[in-house]
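Fold and contact review
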Amino acid sequence: MIPTTSPFHPDNSAGYQAWRAAKLADYPSRSEDLIVELSDPRELTVAEYQALWQRIVKTNVVVYRTRLGETEDKEAVRQLSAQFGLTHLDANWLADEDGISSLTPHEEDGQKRGEFIPYTHHRIRWHTDGYYNPPKRRIWAMALHCVRAADTGGSNDLYDHELAYIALRDADPAHIRALMAPDAMTIPARVDANGIARPDEPGPAFAVEDGRLHLRYTARTKSIAWKQDAPTLAAVQALDALLGGDPPGAFSLRLEPGMGVLCNNVLHTRTGFSDRAEHRRLLYRARYHDHLSHLRG
Ligand SMILES: [Fe+2]
């Protein structure tokens, strides 16, 4: 249950308006505003830490640029994330053994991974990561780090899910109520050769935990089922339309080698891309059960 004092509670109008005004004040509009240069991501200086944290607090996302170039250094990503409290990696069966996924095309090599969009050259539409995870394994934050960029394409749009919340609530608070319902979206049961491997998994799209807002969403319709009632369908249609219309406050950028993103699992996309067999695009992706936290007083 969301406390009635939370600005995210659909009945707390005054609290919402105050939070909304603070959220939108001086909200950055250019993707360059998100970028922070880091001399050593493993050990941030006070100034670098503060520059990163300031952006995380405002927009739920920050972009960093290191001098790592094409160096394959997962440890740097892990240590950077840990400086903001990200330590509990989501165990994903496609992740490498160390829990960080190497996103690179696998269509040609006949591996199982090549069946999943992240491991192809295809575009990925708006989503938050781990929307199919059960509530106890919510992905609160993630890191994306570029080792090798594509020859063309492979850029990302990023959109703070709190801005999506504001746009929907301003349009109609009923959208928020519908998307917070405990059965707003269902991940269909997975059936294997022995019968049902996992039952239907209903859950909310917007959830609040410890005062923090979480969103599960995908523009795909294949792997999820929205509740088929009028308020839910209207809310989903409003969210689809918002994201499809280049929403104000969304950022577009391309990660170059040595650059990365730290975020509280904001909405994001990837454009399709081309690369070469001898120089495959490679991004590390780390998904965490923790929220980005302020660890230096
Ligand atoms: Fe993603």
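Before any of the text, the structure's been laid out above.
All of the points below concern the structure found in this document. All of these numbers come straight from a predicted model, not from anything done at the bench. (Residues numbered from 1 in each chain as written. Predicted model: local features only at pLDDT ≥ 70, side-chain atom pairs only at ≥ 80, totals over all residues.)

**Section: the sheet that holds strand β17 (residues 267-270)**
Spatial ordering of the open sheet is given by β4-β17-β7-β15, a layout of 4 strands whose pairing is antiparallel. Only two strands of the sheet have a single neighbouring strand rather than two, namely β4 (124-127) and β15 (251-253). Pairwise comparison of adjacent strand axes, ignoring direction, gives a mean angle of 10° for this sheet. Of the pairings in the sheet, the one linking strand β7 (residues 156-159) to β15 comprises 3 bridges and is antiparallel in character. Each bridged residue has a counterpart across the sheet, and for N156 the counterpart in β15 is L253. (Pairing = 2+ DSSP bridges. Helix = DSSP H or I, 4+ residues; strand = E, 2+ residues; numbered from the N terminus. Axes fitted to C-alpha atoms, helices over the stretch in contact; angles between N-to-C directions.)

**Considerations on the packing of helix α4 (residues 161-171) against helix α6 (residues 230-244)**
Look at α4 against α6: their axes get within 10 Å of each other, and the N-to-C directions meet at 125°. Classed by the angle they form, the pair α4 and α6 counts as oblique. You can see that α4 and α6 cross each other, and the crossing is right-handed. In this structure, α4 contributes A164, A167, L168 and A171 to the contact, and α6 contributes A235, A238, L239 and L242. Per-class residue counts for the contact of α4 with α6 are 8 nonpolar, no polar and no charged. (Parallel < 35°, antiparallel > 145°, perpendicular 65-115°, else oblique. Left-handed = near helix turned anticlockwise from the far one by under 90°. Contact = placed C-beta atoms within 7 Å. Nonpolar A, V, L, I, M, F, W, Y, C, P; charged D, E, K, R; others polar.)

**What about the packing of helix α5 (residues 173-180) against α6?**
Interaxial distance between α5 and α6 falls to 8 Å at its minimum, and their mutual angle equals 110°. Relative to α6, α5 is oriented roughly perpendicular. In contact with A174, H175, A178 and L179 of α5, α6 contributes P231, T232, A234, A235 and A238. Considering only residue class, the contact of α5 with α6 consists of 7 nonpolar, 2 polar and no charged.

**A look at the environment of Y132**
Note that Y132 resides in the loop between β4 and β5 (141-148). For Y132, a count of 17 C-beta atoms within 10 Å puts it in the partly exposed group. Each C-alpha atom of the pair Y132 and Y217 lies 9.0 Å from the other, and the pair is 85 residues apart in sequence. Apart from the residues within four sequence positions on either side, Y132 is in contact with I187 and S223. (Buried ≥ 20, exposed ≤ 12 C-beta atoms within 10 Å, placed from the backbone.)

**What to know about the sheet that holds strand β11 (residues 201-203)**
Pairing in this open sheet of 3 strands is antiparallel, and the strands run β11-β8-β14 from one edge to the other. Of all the strands in the sheet, the pair left with one neighbour each is β11 and β14 (225-226). As judged from the 3 bridges shared by strand β8 (residues 185-187) and β11, these two strands associate in the antiparallel manner. Note that in β11 the partner of I187 across the bridge is E201.

**A few points about the nonpolar core**
Core analysis: the biggest nonpolar cluster contains 66 residues, and V62, Y64, M142, A164, L239, V261 and L262 have the highest contact counts within it. At 6 residues, β5 tops the list of elements feeding residues into this core. Each residue touching L239, except ones within four places of it in the same chain, is listed here: A164, L168 and Y217. (Core = buried A, V, L, I, M, F, W, Y, C linked by C-beta atoms within 7 Å.)

**Points about the environment of V208**
By the secondary structure assignment, V208 is in strand β12 (residues 206-209). On the basis of neighbour counts, which here come to 17 C-beta atoms within 10 Å, the residue V208 falls in the partly exposed class. As a C-alpha pair, V208 and A47 span 161 residues in sequence and 31 Å in three-dimensional space. Excluding its chain neighbours within four sequence positions, the residues that come into contact with V208 are I2, S6, F8 and L213.

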